[in-house]
Amino acid sequence: MQHVTLNNGVKMPVLGFGVYQIPAEQTERAVTEALAAGYRLLDTAAAYGNEEAVGRAVKNSGIPRQELFVTTKLWVQDAPAQDNTRRAFETSLTRLGLDHVDLYLMHQPYGDVYGQWRAMEAVNREGLAQAIGVANFYPDRLLDLILNNEITPAVNQIETHPFFQRTADQDLMREHGVQHQAWGGFAEGKNDLFTHPVLAGIGEAQGKSVAQVVLRWLIQRDIVTIPKSVNPDRMAQNIDVFDFELDNEQMAAVAALDTGTTLFFDHHDPEMVAWLSKRRLEN
Ligand code: NAP
């Protein structure tokens, strides 16, 4: 497995396993199978409701903790944000059954972002989160956070796939030493991604699947990726992307698929801002 080095020296695998939308009762099995397939980066969130199941799979795997890279995420907190963030972080750690996480992300750029970030800086300084970062931050909000706080986020996890490539976002992140991580690398199959003729053509030429072409394209753009699958054959396929390379022409053909817009929702849309800001987790 290849690694990237984050802006604080922490090493992170370039490819991991995401567990969004895996029901809690299926997550332990899925993570156990992913670990057996060789995944070492696990990406969960308080909002996914499956941290406990991830923790059980980690514990039962017997894999030494230092070989694993576990990410979880903070949901939007009520005031006082610093106290509530601390509490939410400790709840996540307890659910995971871990004494630290490798990466703690602010899941949404809403609420008292500064209060939340200060509490995250504290858990980072205490070594309880080896690195801290954000998700779903567009360049304006990311730069504001960077310029007005002590710790620069190590990672920004954003929607990134062949139809929404985020090149300007990546330029800004590069400039400030923030690692670009893709969520929805397959666009969750939207736009018929898995049968797209351009991607399928590259796959045919390489003797690889469309999924492998997409993951390879992300990795060659220096983007950390976390494909989700509950299917062991696909888990194995998705991690088997280190024995081939897309050439310049193939990279350019994928680059031409960019539409520059989200396939999910716009974080600037007032209705989404209201919905995500008001959503609260049960505990
Ligand atoms: P994704 O990885 O783009 O797509 C997952 C879909 O692709 C599933 O339907 C899966 O089906 C299918 N699939 C996986 N491998 C395949 C293959 N080799 N061939 C054909 N189909 C395949 O979607 P995602 O889960 O939304 O994103 C990945 C991870 O990013 C999440 O799990 C989560 O950890 C993270 N995420 C973060 C945020 C955020 O706001 N920070 C938002 C969304 C996601 P099967 O399971 O049936 O194989």
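Shown above is the structure to which this text applies.
So, here is what we can say about the structure in this document. (Residues numbered from 1 in each chain as written. Predicted model: local features only at pLDDT ≥ 70, side-chain atom pairs only at ≥ 80, totals over all residues. Heavy atoms only, no water.)

### Some words on the overall build of the protein
Point 1. Check the secondary structure of the protein and you find 11 helices and 10 strands.
Point 2. For a compact globule of 283 residues, the expected C-alpha radius of gyration is about 19 Å, and the protein comes in at 18 Å, within 12% of that figure.
Point 3. A principal-axis box enclosing the C-alpha atoms of the protein has dimensions of 55 × 40 × 35 Å.
Point 4. Sorting the 283 residues of the protein into buried and exposed places 53% on the buried side.
Point 5. Residue pairs at least 24 apart in sequence account for 73% of intrachain contacts in the protein once pairs closer than 6 positions are excluded.
Point 6. With an accessible surface of roughly 12,300 Å², the protein has 48% of that area assigned to carbon and sulfur atoms. (Helix = DSSP H or I, 4+ residues; strand = E, 2+ residues; numbered from the N terminus. Rg over C-alpha atoms; globule rule 2.2 N^0.38 Å. Buried < 20%, exposed > 50% of the residue type's maximum accessible area, 1.4 Å probe, protein only. Contact = heavy atoms within 4.5 Å. Areas by Shrake-Rupley, 256 points an atom, 1.4 Å probe, with all protein chains shown as cover.)

### Regarding the pairing of strand β7 (residues 129–135)
Point 1. Most of β7 sits inside the fold, with six of its seven residues counted as buried.
Point 2. Inspection of the sheet shows strand β6 (residues 101–106) paired to β7 by five bridges, in the parallel sense. Bridge pairing in β7 places Y104 opposite I132.
Point 3. Where the polypeptide runs from β6 across helix α4 (residues 113–125) and back to β7, its parallel neighbour, the crossover connection is right-handed.
Point 4. In this structure, β7 lies alongside strand β8 (residues 155–159), joined through two bridges in parallel fashion. When the bridges of β8 are listed, V134 appears paired with N156. (Pairing = 2+ DSSP bridges. Right-handed = clockwise from strand over helix to strand, strands pointing away.)

### Overview of the environment of V10
Point 1. Examined against the element boundaries, V10 turns out to sit in the loop between β1 (3–5) and β2 (11–13).
Point 2. When neighbours within four sequence positions are excluded, V10 is seen to be in contact with V4, T5, F69 and Q130.

### So, the layout of surface pockets
Point 1. Roughly 930 Å³ of volume is contained in the largest pocket.
Point 2. For the largest pocket, the lining is made up of 42 residues, of which Y20, Q21, G184, E188 and K228 are closest to its centre.
Point 3. Of all the secondary structure elements, the ones that give two or more residues to the lining of the largest pocket are β9 (179–183), α8 (210–220), α9 (232–239) and α11 (270–278).
Point 4. Classifying every residue of the lining of the largest pocket gives 21 nonpolar, 15 polar and six charged. (1 Å grid on protein atoms, 1.4 Å probe; cavity = no way out; pocket = protein on both sides within 12 Å on 5 of 7 lines; lining within 4 Å. Points joined across faces, edges and corners; volume = space filled by probe spheres on them. Nonpolar A, V, L, I, M, F, W, Y, C, P; charged D, E, K, R; others polar.)

### Some details on the site of the ligand
Point 1. Around the ligand, the surrounding shell holds 27 residues, and the nearest of these are D43, E188, K228, S229 and R234.
Point 2. Taking G185, its main chain carries an N or O atom lying 3.4 Å from an oxygen atom of the ligand.
Point 3. Among the cavities detected, the one that contains the ligand is the largest pocket.
Point 4. The element contributing the most residues to the shell around the ligand is α9, with three residues. (Near = heavy atom within 4 Å. Polar contact = N/O pair within 3.5 Å; in protein donor to acceptor, adjacent residues only side chain to side chain. Sits in = over half its atoms within 2 Å of the grid points.)

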